[in-house]
Each structure stands twice: as C-alpha cells, then as structure tokens.
Amino acid sequence: MSSGAAAGPIFAEGEDCRAAWREATAGYDEPDAHLEILGKPVMERWETPYMHSLATVAASKGGRVLEVGFGMAIAASKVQELGIEEHWIIECNEGVFRRLEQWAKAQPHKGHAFRLLRPGGVLTYCNLTSWGELLKTRYSDIEKMFEETQVGPLLEAGFRRENISTRVMELQPPRECRYYSHPRMITPTVLKH
Ligand SMILES: C[S@@+](CC[C@H](N)C(=O)[O-])C[C@H]1O[C@@H](n2cnc3c(N)ncnc32)[C@H](O)[C@@H]1O
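In this report, we go over the structure that sits alongside the text.

What counts as what
Residues numbered from 1 in each chain as written. Predicted model: local features only at pLDDT ≥ 70, side-chain atom pairs only at ≥ 80, totals over all residues. Pairing = 2+ DSSP bridges. Helix = DSSP H or I, 4+ residues; strand = E, 2+ residues; numbered from the N terminus. Buried ≥ 20, exposed ≤ 12 C-beta atoms within 10 Å, placed from the backbone. Contact = placed C-beta atoms within 7 Å. Axes fitted to C-alpha atoms, helices over the stretch in contact; angles between N-to-C directions. Parallel < 35°, antiparallel > 145°, perpendicular 65-115°, else oblique. Left-handed = near helix turned anticlockwise from the far one by under 90°. Nonpolar A, V, L, I, M, F, W, Y, C, P; charged D, E, K, R; others polar.

1. Some points on the sheet that holds strand β1 (residues 27–28)
1) Next: Pairing in this open sheet of three strands is antiparallel, and the strands run β1-β2-β3 from one edge to the other. Strand pairing shows two members of the sheet lacking a second neighbour, β1 and β3 (40–44), which therefore form its edges.
2) Next: Bridge analysis of strand β2 (residues 34–37) against β3 gives four bridges, and the strand direction is antiparallel. Bridged to Glu-36 within β3 is Pro-41.

2. Some thoughts on the environment of Val-42
1) Next: If you trace the backbone, Val-42 turns up in strand β3.
2) Next: The class of Val-42 is buried, set by 21 C-beta atoms lying within 10 Å.
3) Next: Remark: the alpha-carbon pair of Val-42 and Thr-129, spanning 87 residues in sequence, is separated by 8.9 Å.
4) Next: Residue contacts for Val-42: discarding those within four places in its chain leaves Leu-35, Glu-36, Ile-37 and Gly-71.

3. Things to note about the packing of helix α2 (residues 48–58) against helix α3 (residues 74–81)
1) Next: Their axes nearest at 8 Å, the elements α2 and α3 cross at an angle of 45°. In terms of orientation, α2 and α3 fall into the oblique class. Between α2 and α3 lies a crossing of right-handed hand. Only Ile-74, Ala-75, Lys-78 and Val-79 of α3 make contact with α2, whose side of the interface consists of Thr-48, Met-51, His-52, Leu-54, Ala-55, Thr-56 and Ala-58.
2) Next: A per-class count over the contact of α2 with α3 returns seven nonpolar, three polar and one charged.

Geometry only, nothing functional implied.
In structure tokens form, the structure reads like this:
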C-alpha cells in the first residue's frame, strides 16, 4: 500500500486509467482494510458506516438492487442482509470481480434480470474522490457542495427536486486517507417519480 495523505494528487492532470483498470491487480492488503488498483486508493474499511448508510437507502424499496462497483463488498454485504429480491452488481476490474464471484456463492439473494429504475425506485451513490477534492478546495459545507454540484446533473437526468433528499453523518476519515478528509459524509436518496 502507498502511504499518507501527503503523497500528492491521486490522479495526475488528464490521467486516464480506463484502459488499464480492467486487468490491473486488485491490491487487497493483509488485514483486508484497503484496496488499491494501479496505485490508487479505491476503498478503505473505515468507510463501513457510510457504505452501510448508502446500502440501506439502496435497499429501502426492496425489490431489485443494482450496485455499481463491488470494491470490498462492504455495501454489498449490507444489501444482502436487507429485505430485497434481487441484487445485481457491475464491476469492471477482473480481480475484484473474482472476489465478487467467491462472495456471491455464500449470499442468500441471487440475481435474475435487470431493468432500469422503475417509478418509485431509489438511487443512491457517492464519489468520495471528487467530493473530497471539492470539500478541500471549494466547499466547507457538504450540503452546499451536494446542492451546487450534484442536484443540477440529477435534474438534467430527469429526477425532480422534491424527490432528492440527503442525510449527513459524522465520520472522521483516518489521517492517512488520500481521497477524503472531511469529517462528514452525505447519503443521497433520489426517488424516481
Ligand atoms: C469505491 S469502490 C466501491 C466500494 C464498495 N461500495 C464497497 O462497499 O466496498 C469502487 C469500485 O467500483 C469499480 N468501478 C469503478 N468504475 C466502474 C465502472 N465504470 N463500472 C463498474 N465498476 C466500476 C472499481 O473497480 C471498484 O471496485
């Protein structure tokens, strides 16, 4: 694992990892507390309460849950504990996908089919690397950050303002975390009308 928040920017200006990401080694460390790919910090165990908050929103309508990005299975394992019918996961890294296949064998909810979000369906998501950068450089208020950088694209995607809400939680990242240092996290709930 690389070390420390002082190691410089995670992505160089214009750096594009897409071509190499798929086959790059999934670097899970020994205590299974960190995942790195191409030397980038991808997921860390300290995020567990936040991932569980997102998973709880994602599973709040029951039915089918689509999850993009398996990482360390923290959100996925929470989704599996909740009252859902199907759980679909998209993961683009081969090593992470192999871990997904092993994990899936032991889970109670299996996948069958996928359709787009239905009326009444719920979307939740995060992008801690870009939100962390915004909170370091442009915002001190996480709700203002969400309002000014996330709501516009959600409206453009067709969601209605009255169907977008958020919950803020306190969660202090460890000092060594390279992608997030703000002491608060935000869980969006975005309902399809
Ligand atoms: C932050 S981790 C997800 C953490 C996960 N929610 C958890 O609780 O452990 C992001 C994951 O998304 C995957 N990923 C990134 N971009 C993707 C894409 N466009 N399609 C599918 N998976 C993607 C990465 O390979 C990585 O495994």
